[in-house]
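Structural description and commentary
Read off the chains here:
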Amino acid sequence: MPSHHPHPNPSLNRLTQYGGLLLVILMLVVAVGQLALALVGFPIAVLLITSLITLLLVMPVMMLITASPAVSVSREGIVIEPVVWQARTIGWDEVAAVKPYPLLPPSDTEIGRRALAGRSRYRPAEGIMLVIPSLPPHYRFTGLFTGEGFTGIIALTNRTHSDYARLVALVEAYRLDAGEDQHIE
């Protein structure tokens, strides 16, 4: 029986995902519009630079909507269940590595979050990432920001997945069952 691990706040997650997708579409339309303006006589250098900057800013927004989708895990593999993309089943043999997720804030920098949550309720950010080279291009932007190059990455964190401790334990156990190294680097 698969173990399902959605976002702890599904409504906020859906709003963020659809908002990010709309922003990506708007940014692509704006970049094309800037290039079109350059072709009809507006200052070419300025418009080329601004359209390039707009296109480069698409990358972090794409990372926002692909980095940590809801997942279900079982002995057969992991099912990635994003809000705006199609669900995808990944076998454990496709997971090239499990590593600590480097994009989480250190606890000593979260003074505001700690104050809002209260000292007793605050939990530092924890997370791992699964390096999955077979993922399609829209999952690869996260790889750029995590130092893995243009490689598919998904993150599993205690802020974006319910029952995080159980999720990590299942990932390690199922990878071990599949003959993969269970150690998180």
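Relevant structure appears above.
This section reports on the structure supplied with the text. (Residues numbered from 1 in each chain as written. Predicted model: local features only at pLDDT ≥ 70, side-chain atom pairs only at ≥ 80, totals over all residues. Heavy atoms only, no water.)

Glancing now at the sheet that holds strand S3 (residues 77-81). Note on sheets: strands pair through backbone hydrogen bonds, and any given pair is parallel or antiparallel. In spatial order, the strands read S1-S2-S3-S4; together these four strands make up an open sheet with antiparallel pairing. Among the strands making up the open sheet, the edge pair consists of strand S1 (3-5) and strand S4 (88-91). Geometrically, the sheet is characterised by an average inter-axis angle of 20° between neighbouring strands, direction not taken into account. Relative to S4, S3 runs antiparallel, the two sharing four bridges. Pairing of Ile80 across the sheet is with Arg88, part of S4. (Pairing = 2+ DSSP bridges. Helix = DSSP H or I, 4+ residues; strand = E, 2+ residues; numbered from the N terminus. Axes fitted to C-alpha atoms, helices over the stretch in contact; angles between N-to-C directions.)

On to the nonpolar core, then. Membership of the largest hydrophobic core comes to 21 residues, with the highest contact counts inside it found for Val73, Ile78, Leu130, Ile154, Leu156 and Val171. Only strand S2 (70-73), S3, strand S6 (127-131), strand S7 (153-157) and helix H5 (164-177) provide two or more residues apiece to this core. With six residues, the single largest contributor to this core is H5. When neighbours within four sequence positions are excluded, Leu130 is seen to be in contact with Ile78, Val95, Ala97, Val98, Gly152, Ile153, Ile154, Leu156 and Val171. (Core = buried A, V, L, I, M, F, W, Y, C linked by side-chain atoms within 4.5 Å. Buried < 20%, exposed > 50% of the residue type's maximum accessible area, 1.4 Å probe, protein only. Contact = heavy atoms within 4.5 Å.)

A cluster of nonpolar side chains, namely Leu37, Leu39, Val40 and Phe42, defines an oily patch on the protein surface of about 440 Å² accessible area. Locating Phe42 in the fold gives a position in the loop between helix H1 (10-39) and helix H2 (44-66). For Phe42, a relative accessible area of 46% translates into the label partly exposed. (Patch = residues over 30% accessible without salt bridge, like charges linked within 9 Å, V, L, I, M, F, W, Y side chains within 5 Å. Areas by Shrake-Rupley, 256 points an atom, 1.4 Å probe, with all protein chains shown as cover. Salt bridge = Lys/Arg side-chain N within 4 Å of Asp/Glu carboxyl O.)

Looking now at the side chain of His5. For His5, the location among the structural elements is in strand S1. Judged by its relative accessible area of 1%, His5 is buried. A distance of 2.6 Å separates polar atoms of two side chains, one belonging to His5 and the other to Ser3. At a separation of 2.9 Å, a polar atom in the side chain of His5 contacts the main-chain carbonyl oxygen of Ser162. The residues contacting His5, other than those within four sequence positions of it, are Ala70, Val71, Val73, His161, Ser162, Asp163, Arg166, Leu167 and Leu170. (Polar contact = N/O pair within 3.5 Å; in protein donor to acceptor, adjacent residues only side chain to side chain.)

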